[in-house]
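So the chains spell out like this:
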Protein chains: 2
Amino acid sequence: MRSYLPSELSAHQRHDYLLSTIGPRPIAWVSTINEDGIVNLAPFSFFNIFGSNPVTLIFSPARRVKDNSTKHTLQNSGNIKECVVNIVSYDLVGQMVLSSTEYPDGVDEFSKIGLTAEPSDLVKPPRVKEAPAQYECVVKQIIHTGEEGGAGNLIICEVLKMHFREDIFTEDDKIDPLKVDTVARMGGLWYTRAKEGLFQIHNPKGHNNIGFEGIPEFIRNSEIYTANNLSELAKYEALPTVEEVNEFIVSDYFKGRTQHWHLKYKIAENWSQHLITEGKVKEAWCFILAAMKDN
Amino acid sequence: MRSYLPSELSAHQRHDYLLSTIGPRPIAWVSTINEDGIVNLAPFSFFNIFGSNPVTLIFSPARRVKDNSTKHTLQNSGNIKECVVNIVSYDLVGQMVLSSTEYPDGVDEFSKIGLTAEPSDLVKPPRVKEAPAQYECVVKQIIHTGEEGGAGNLIICEVLKMHFREDIFTEDDKIDPLKVDTVARMGGLWYTRAKEGLFQIHNPKGHNNIGFEGIPEFIRNSEIYTANNLSELAKYEALPTVEEVNEFIVSDYFKGRTQHWHLKYKIAENWSQHLITEGKVKEAWCFILAAMKDN
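Overview of the structure. No experiment lies behind these values; they were computed from the predicted model shown.

## Some points on the pairing of strand β5 (residues 47–52) of chain A
Residues and elements named next belong to chain A.
- Among the six residues that make up β5, six are buried, leaving the element largely enclosed by the rest of the structure.
- Of the pairings in the sheet, the one linking β5 to strand β6 (residues 55–59) comprises five bridges and is antiparallel in character. By the bridge assignment for β6, Gly51 is matched with Thr56.
- Connecting the antiparallel pair β5 and β6 is a turn made up of two residues.

Put into structure tokens, the structure is as follows:
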């Protein structure tokens, strides 16, 4: 383990270690407007949702580590107190990165990077028409966390109106993550495309699960099961009873899977692991206990 | 486009649409301690870093949408004003989900879910020894954004000490995202494993790029190039000159790739697109302009 006080690392290295471990970070593609009506568009990965009632978003145009300068977005948010947070799908990632260019004042950023500025309904800055979701926001509060390079400026926003592209919905009016196809920021030059790493996990039901403590030692100490496998076993509310295991042993299900080989315990472990990854946790429990009993 | 005021959606549907579009969200696996010394561990995806100097993290144990209840983490953070934010790698995701169980008071959550409680150096709550990164924090401020179900509670933290597992470092003391192997939360039951969707993009250099505006119409309007391809062309500071294109046409590079086919413009477009995706943007520019000239 390498341990550091923040002051023990250079600003650059500290920034790098933090951004390499805290992620993937969702991206706010923020449009703002200055007092002369000039529009700015820039991406921020110090961003997330923090509540849905009121809908609260925070993003942070931090002071630059290299020269302690601040961004147009921060100045505009402070002056006009409105913004639009647009969401970035994979097909827009190149334009999003291009929008991190600090173009000289007066450049129309939407034209410059080939996007359509769609007028907002309730705020002055326009939306990115191409974005899969667009959130019109009022700036509630700005908190400056420090005055040196790297200091965060927390722009706390309340969403006034939400817009979703028609094609991200399923037929039953849900939003499909494969269709939204978001990208997120990681450390260095790395980004990630969320849909390529998708998987599902069910939350535990109630609070009576057996936990790791309730798993017999011979299973916990096995070299076969991963911690994720054991977590599925641990979500169970109670081990199968002796009767259930006995019933399972004489079932066609068990016999059909064990008749062709002299049941080796290791094979049974592999089989029960396979059942866990298929979501058949009750069968996995019965299988491993039946196999142990049979040996 | 479907557009809504927040009040036009049910609390449940609003929550669902927001969480399906704002993501992937990094996960803070937060350990806290109450006044009796009982440790709590729970995951929060309303979380991110917001500045690196001071190191500022925010997470939000929001009021539950279903019954407006609050979590132990919120109470503990308010009372003791310290926490540890642990980072979740893929091999810990099952235990992280298990830790969202609200076990009765007095249950030792670390034993219950098979984790090792490592004493912290500067704060009272222990760290998760197995986590790839662990941030000891002091709670600077808590902002309650509302009193109804879904309301966020912004726990604004300053990191006092950072711990990184030895095996996430490369030989030259950088942190390798493949080794950290973070997971993140999306809508519904969805999670994503960041390393499966990794890709890199270089930021534009300076602010003199030609932008989409500087790309000739016949290229912008081509059906071959994606917006991401065009973004790479747009990052360029200036189109190749007539002389550079003429030189390229007589180069072995160009001749070697065009000698076996009568140069069709569409094939040239496909070839230049291939060059773009390989990061050879100058060659792509020369190729497309040379091919056009040659036709």
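## Brief notes about the relation of the copies chain A and chain B
- Once chain A has been moved 0.0 Å along the axis and rotated by 180 degrees, it coincides with chain B to within an RMSD of 0.0 Å. Such a turn and shift between the copies fits a two-fold axis.
- Both copies present the same face, since 100% of the interface residues in chain A are matched by interface residues at the equivalent positions in chain B.

## A word on the interface of chain A and chain B
- Counting from both sides, the interface comprises 122 residues of chain A and, opposite them, 122 residues of chain B.
- Of the roughly 10500 Å² buried where chain A meets chain B, counting both sides, 62% is carbon and sulfur surface.
- It is Met1(A), Arg2(A) and Phe50(A) that lose the most area in chain A upon contact with chain B, and together they represent 8% of the buried surface on that side.
- At the junction of chain A and chain B, the tally comes to four salt bridges.
- Asp173(B) is the salt-bridge partner of Arg2(A), the closest N and O atoms lying 3.0 Å from each other.
- The interface formed by chain A and chain B holds 59 residue pairs in polar contact (both at pLDDT 80 or more) in total.
- Per-class residue counts for the side of chain A that touches chain B are 62 nonpolar, 40 polar and 20 charged.
- Taken together, the three bridges between strand β11 (residues 153–164) of chain A and strand β1 (residues 2–4) of chain B define a ladder with antiparallel strand orientation. Across the sheet, Phe164(A) pairs through a bridge with Arg2(B), a residue of β1(B).

## Quick notes on the sheet that holds strand β14 (residues 198–200) of chain A
- Overall, antiparallel pairing links the four strands, which are arranged β14(A)-β13(B)-β12(B)-β2(B) in an open sheet. On the outer flanks of this sheet lie β14 of chain A together with β2 (25–26) of chain B, each paired with one strand and no other.

## Here's the deal with unusual backbone geometry
Residues and elements named next belong to chain A.
- A cis geometry characterises the amide bond from Gly23 onward to Pro24, with omega recorded as -5 degrees.
- Within the fold, Pro24 resides in the loop between α1 (11–21) and β2 (25–26).
- The amide bond that connects Asn53 to the next residue, Pro54, takes the cis arrangement and shows omega of 0 degrees.
- Turning to its location among the elements, Pro54 is positioned in the loop between β5 and β6.

## Description of the sheet that holds strand β13 (residues 190–193) of chain A
- Strand order in the open sheet formed by four strands is β2(A)-β12(A)-β13(A)-β14(B), with antiparallel pairing between adjacent strands. The sheet is open, and its two edges are formed by β2 of chain A together with β14 (198–200) of chain B, each paired on a single side.
- Relative to strand β12 (residues 183–185) of chain A, β2(A) is paired through two bridges, and the arrangement is antiparallel. Its bridge partner lying in β12(A), Pro26(A) is registered against Ala184(A).

## So, the side chain of Thr192(A)
- Looking at the secondary structure, you find Thr192(A) in strand β13.
- On the basis of relative accessible area, Thr192(A) is assigned to the buried category, the value being 1%.
- Polar side-chain contacts of Thr192(A) include one of 3.4 Å to the backbone oxygen of Gly197(B).
- Contacts of Thr192(A), omitting those with residues within four sequence positions, involve Pro24(A), Thr182(A), Val183(A), Ala184(A), Met186(A), Ala194(B), Gly197(B), Leu198(B) and Phe199(B).

What counts, and at which threshold
- Position numbers for residues start from 1 in each chain and track the written sequence from start to end.
- Each chain takes a letter, starting from A, and each ligand takes a number, starting from 1, following the order in which they are written.
- Local features in a predicted model are, by the rule used here, given only for residues with pLDDT of at least 70; side-chain atom pairs are given and counted only at 80 or more, and totals for whole chains, interfaces and linings are based on all residues.
- For side-chain calculations, the full set of non-hydrogen atoms in the structure is used, while hydrogens and water are omitted.
- Buried means the residue's accessible area, taken with a 1.4 Å probe over protein chains only, is under 20% of the maximum for its type, while exposed means over 50%, and partly exposed covers the values in between.
- Strands are runs of DSSP state E lasting at least 2 residues, helices are runs of H or I lasting at least 4, and numbering of each runs from the N terminus.
- If DSSP finds at least two bridges between two strands, the strands pair.
- To superpose the copies, least squares is applied to the C-alpha atoms of every residue with a pLDDT of at least 70 in both.
- Whether two residues touch is decided by their heavy atoms; if any such pair falls within 4.5 Å, the residues are in contact.
- Reported buried area values correspond to the accessible surface (1.4 Å probe) lost by two parts on association, with both partners' losses combined.
- Any carboxyl oxygen of Asp or Glu that lies within 4 Å of a side-chain nitrogen of Lys or Arg is treated as forming a salt bridge with it.
- Polar contacts, as counted here, are pairs of nitrogen or oxygen atoms within 3.5 Å of one another; within protein the pair requires one atom able to donate a hydrogen and one able to accept it, and residues that are adjacent in sequence qualify only if both atoms are side-chain atoms.
- Under the convention adopted here, Pro, Cys and the residues Ala, Val, Leu, Ile, Met, Phe, Trp and Tyr are nonpolar, Asp, Glu, Lys and Arg are charged, and Gly plus all remaining residues are polar.

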